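Chain residues, written in single-letter form:
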Number of protein chains: 2
Amino acid sequence: MHLEEVDTPALLIDLDPFERNIARLAGAVAGTGVRLRPHAKTHKCAAIALRQMAAGAVGICCQKVSEAEALVYGGVPDVLISNQVVGARKIARLMALASQARIAVCADDASNVAALDAAAATAGLRLPVLVEVNVGMERCGVEPGDPVLALAGLIAASRGLHFAGLQAYHGSAQHVRDYAERRAAVARAAALLRPTVELLRRNGLNPESITGSGTGTYAFEASSGLWNELQCGSYVFMDADYLKNRQEDGAPGSAFESSLFVYATVMSRPTRDRAILDAGLKALSVDSGLPRLADVAGAEYVGASDEHGKVMLREPGLDLPLGSKVRLIPGHCDPTVNLYDWYVCYRGDRVEAVWPVTARGAVL
Amino acid sequence: MHLEEVDTPALLIDLDPFERNIARLAGAVAGTGVRLRPHAKTHKCAAIALRQMAAGAVGICCQKVSEAEALVYGGVPDVLISNQVVGARKIARLMALASQARIAVCADDASNVAALDAAAATAGLRLPVLVEVNVGMERCGVEPGDPVLALAGLIAASRGLHFAGLQAYHGSAQHVRDYAERRAAVARAAALLRPTVELLRRNGLNPESITGSGTGTYAFEASSGLWNELQCGSYVFMDADYLKNRQEDGAPGSAFESSLFVYATVMSRPTRDRAILDAGLKALSVDSGLPRLADVAGAEYVGASDEHGKVMLREPGLDLPLGSKVRLIPGHCDPTVNLYDWYVCYRGDRVEAVWPVTARGAVL
């Protein structure tokens, strides 16, 4: 099937840049002693997770128990839930899954640690638990220093749990536009983390994994001598928001290439300078900005309503006839992927595969 | 099952206000000679569409062929696709559906009319087609006056098509905050539409349906003497954005009540004034603003990341312990519903039903 024949809106993966992205990060990490554990919250797809592991990743991370289920049942043997799991129902699902694959989880609360311990002990498990540390994002996580030591000690003393390390992700640093400021944000995170690690070691609690980082900052964590595991997710696809980050030379862009697109059709041409696409809020997420047209210079996607995208044609001679199809680079890849049941994967102008978005809607 | 036992995030319908909303709009329209054709782009659910029809709606509208399929196969006998259907594959699906139920569609382009005509003639159908008129939204639709006459004439002269009226929806008027300005926006739309209708009638092309309107403005269209069909959608659920509209007395709010909620759990309490919920960008759409906490005064949802919602507790004594559950009023109901496979419907504190979001992800 030719790409042109795919009906729209559709979620596309351009396999050539997608494969180069996987190889590029694997190559950057190989031989450094730092492990790669890509984040599946981006792609929610077991087929992609298995490709990342085939390229050298030690395992996968995700955010939800239901995502972990989709990955494990899709063949992924090692999953870190880089998030808290709270509530009896979810903890019961977590333990059922942990008896089938290597599952680890994060914690930032003593009562949650007690609940995990009781469930793990009942299930006859010794569940690896990482302490989530707040290294600057001000979201989840205990504060660095003594609070980490206290919670790590509690985990280590629990019959059903094993203290497995630290989750230290600085999410808000990922999209800091300026290269030096981005590096400085990770340096501040490292300055919070380093004495905490030393404190743990002095108290006989070695954090085996110090895990975190993302597509925007991985080079800084990797060279810090502190983090030993990277959780990059967006690098496989990239999005319009990440492409606004400036590199070391000051130019916006990335070593990774756009490989994820929303395919859309021009469904109305009411005026010479206005083209309406069939892809709006239900076909792409605009939380981090509007999509970009990948292949049409002089045209701008200026507004999304539920089922429509409004494109203004800025160059007089530009033609975008009714029925023509365009590729959009979504503003934010993760929530856009979560709108679709399938990826249509192509190479050149040929559709090569269709992969299910295994964990679409898996929010539990 | 008690509501409290429902795991989160979950999409909830509170059945009492939901049923009152359906009855309230049906009551407002009954006896006025204006028909009600609720928009299913809001709820994407055949079970809800059938309830709206049982309350007096003449049919349902939706935006996509794949939505119409989900509704028809769910038992809805009369569907207007209030949108253009462009491309051979979609038109083929449209004709297959039109042989099984009463289906109408909109058009704003002569070449699209020709494509619809050819397909309808081949299928042995006479498909009702409405001309979409741009009455102020500047999205799809031909300009009022002669362009409408020309396209209506083309439809009426087509072997496979029937000129069924005008689609005249002023979407951007729905969320104008001030009551008088909202009324004025519809008055301007009516001033564009009225001479167009007269022009059509003078030329022997009576528009049987003049259809449009929405939850924010329906009273104005209904009393205009021009529109004879209303397409309100959000009224069944309401959302935080619609609740910002001011009523005639200047106060924000609506005659309709919030009946749609995202149920979320407090999954981290890292500080006294910060609570993290398990519902972020994959559990609710923030395109029209952040959600509101329905039941907790003094707490504000201040930021959404992919899987987390950050809530600041503004009142010192406020308690929102780890594991507690809260109801969120989504910023925008339509794209939020599109994230879920199921509605959990409750009355009081008891779960009464689970309805599938029949057309979730139906973007084709």
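Worth saying up front: this structure is predicted, and the values here are computed from it rather than measured.

**Structural notes on the pattern of salt bridges**
Under the counting rule described, the total for this entry stands at 48 salt bridges over all chains. Two residues, Arg93(A) and Glu69(A), come together in a salt bridge whose shortest N-O distance is 2.6 Å. Taken together, the residues Arg93(A) in helix α4 (residues 88-98) and Glu69(A) in helix α3 (residues 65-73) connect sequence positions 24 residues apart. Looking at Arg93(A), the relative accessible area reads 29%, which means it is partly exposed. Note that Asp295(B) is salt-bridged to Arg327(B), the shortest N-O span being 2.8 Å. Here Arg327(B) lies in strand β15 (residues 325-329) and Asp295(B) lies in the loop between β12 (292-293) and β13 (299-304), a separation of 32 residues in the sequence. Assessed through its relative accessible area of 17%, Arg327(B) is described here as buried. Residues joined by salt bridges that share partners form a network here, namely Arg35(A), Arg37(A), Asp78(A), Arg102(A) and Glu229(A).

**Some thoughts on the relation of the copies chain B and chain A**
Taken as rigid bodies, chain B and chain A are interconverted by a rotation of 180 degrees and an axial shift of 0.0 Å, the fit giving an RMSD of 0.0 Å. The symmetry that links the two subunits is that of a two-fold axis. Mapped onto chain A, 100% of the interface residues of chain B again fall at the interface, so both copies present the same surface.

**Observations regarding the packing of aromatic side chains**
Tallied over the entire structure, the rule returns 12 aromatic pairs over all chains. Here Phe237(B) and Tyr343(B) contribute two aromatic rings whose centre-to-centre distance is 5.7 Å and whose plane-to-plane angle is 45 degrees, an arrangement assigned as tilted. On the criterion of sequence distance, the pair formed by Phe237(B) in the loop between β9 (229-230) and β10 (260-271) and Tyr343(B) in strand β16 (residues 342-347) is long-range, its members being 106 residues apart. As far as the burial class goes, Phe237(B) and Tyr343(B) line up, both buried. Following the ring pairs from residue to residue traces out a cluster consisting of Phe18(A), Phe237(A), Tyr343(A) and Trp355(A). The lysine or arginine in question, Arg327(A), covers the ring of Phe261(A), its NZ or CZ lying 4.0 Å from the ring centre.

**Examining the interface of chain B and chain A**
Taken residue by residue, the interface counts 54 residues in chain B and 54 residues in chain A. Together, the buried faces of chain B and chain A total about 4,500 Å²; carbon and sulfur atoms form 51% of this surface. It is Asp7(B), Arg139(B) and Lys282(B) that lose the most area in chain B upon contact with chain A, and together they represent 14% of the buried surface on that side. Viewed at the interface, chain A and chain B are joined by 12 salt bridges. The salt bridge involving Arg89(B) is made with Glu5(A); its shortest N-O contact spans 3.8 Å. Those elements giving two or more residues to the side of chain B that touches chain A turn out to be β4 (78-84), α4 (88-98), α5 (110-123), β10, β11 (274-277) and α9 (333-337) of chain B.

**Some remarks on the sheet that holds strand β5 (residues 102-107) of chain B**
Residues and elements named next belong to chain B. Overall, parallel pairing links the 8 strands, which are arranged β2-β9-β8-β7-β6-β5-β4-β3 in an open sheet. Edge positions in the open sheet fall to β2 (35-36) and β3 (60-62), since each of these has one partner strand only. Of the strand pairs in this sheet, β5 and strand β6 (residues 127-132) are connected by 3 bridges, and their pairing is parallel. Across the sheet, Ala107 pairs through a bridge with Val131, a residue of β6.

**Thoughts on the pairing of strand β16 (residues 342-347) of chain A**
As a general feature of sheets, a regular strand has side chains that alternate between the two faces. All names here are of chain A. Here strand β1 (residues 10-14) pairs with β16 via 3 bridges, running parallel. Bridging from a neighbouring strand, Ile13 pairs with Cys345 of β16. As paired strands, β16 and strand β17 (residues 350-356) are joined by 6 bridges and run antiparallel to one another. Across the sheet, residue Val344 finds its bridge partner in β17, namely Val354. The antiparallel pairing of β16 with β17 creates a hairpin that spans 2 residues between the two strands, and Gly348 there sits at a positive phi of about 65 degrees.

**Quick word on helix α7 (residues 179-202) of chain A**
All names here are of chain A. The terminal C-alpha atoms of α7 lie 35 Å apart, and with 24 residues this matches the ideal 34 Å at 1.5 Å per residue to within 8%. Taken residue by residue, α7 has Tyr179, Arg182, Ala185, Val186, Ala189, Ala190, Leu193, Thr196, Val197, Leu199 and Leu200 as its buried positions. Against α6 (146-156), β7 (161-167), β8 (209-212) and α8 (218-222) lie the buried residues of α7.

**Points about unusual backbone geometry**
Of note, the amide linkage connecting Thr8(A) to Pro9(A) takes the cis form, showing an omega dihedral of -5 degrees. Within the secondary structure layout, Pro9(A) lies in the segment before β1. One non-glycine residue, Ser213(A), lies in the positive phi region at around 80 degrees. Accessibility expressed as a relative area gives 1% for Ser213(A), which makes it buried. Located in the positive-phi region is Glu138(B), a residue other than glycine, with phi close to 60 degrees. Relative to the elements of secondary structure, Glu138(B) occurs in the loop between β6 and α6 (146-156).

**Quick notes on the environment of Lys325(A)**
All names here are of chain A. Structurally, Lys325 is set in strand β15 (residues 325-329). Sequence separation between Lys325 and Leu277 is 48 residues, and the spatial gap between their C-alpha atoms is 8.8 Å. If we skip the residues at most four places from it in the chain, Lys325 touches Glu4, Glu5, Val6, Asp7, Thr8, Tyr263, Ala264 and Thr265. A polar side-chain atom of Lys325 sits 2.7 Å from the main-chain carbonyl oxygen of Glu4. Separated by 2.9 Å, the side chain of Lys325 and the backbone oxygen of Val6 make a polar contact.

**Some points on the side chain of Gln63(A)**
When you line up the elements, Gln63(A) lands in the loop between β3 (60-62) and α3. Given a relative accessible area of 5%, Gln63(A) falls into the buried group. Polar contacts involving the side chain of Gln63(A) include one to the side chain of Ser82(A), which spans 2.6 Å. Apart from residues no more than four positions distant in its own chain, Gln63(A) is found in contact with His39(A), Lys41(A), Ile81(A), Ser82(A), Asn83(A), Arg139(A), Glu307(B) and His308(B).

Criteria and thresholds
- Residues numbered from 1 in each chain as written.
- Chains lettered and ligands numbered in written order.
- Predicted model: local features only at pLDDT ≥ 70, side-chain atom pairs only at ≥ 80, totals over all residues.
- Heavy atoms only, no water.
- Salt bridge = Lys/Arg side-chain N within 4 Å of Asp/Glu carboxyl O.
- Helix = DSSP H or I, 4+ residues; strand = E, 2+ residues; numbered from the N terminus.
- Buried < 20%, exposed > 50% of the residue type's maximum accessible area, 1.4 Å probe, protein only.
- Least-squares fit on C-alpha atoms with pLDDT ≥ 70 in both.
- Contact = heavy atoms within 4.5 Å.
- Phe/Tyr/Trp six-rings, centres within 6.5 Å; stacked < 30°, edge-to-face > 60°.
- Lys NZ or Arg CZ within 6 Å of the ring centre and 35° of its normal.
- Buried area = accessible area lost by both parts, 1.4 Å probe.
- Pairing = 2+ DSSP bridges.
- Expected span 1.5 Å × (residues − 1).
- Polar contact = N/O pair within 3.5 Å; in protein donor to acceptor, adjacent residues only side chain to side chain.

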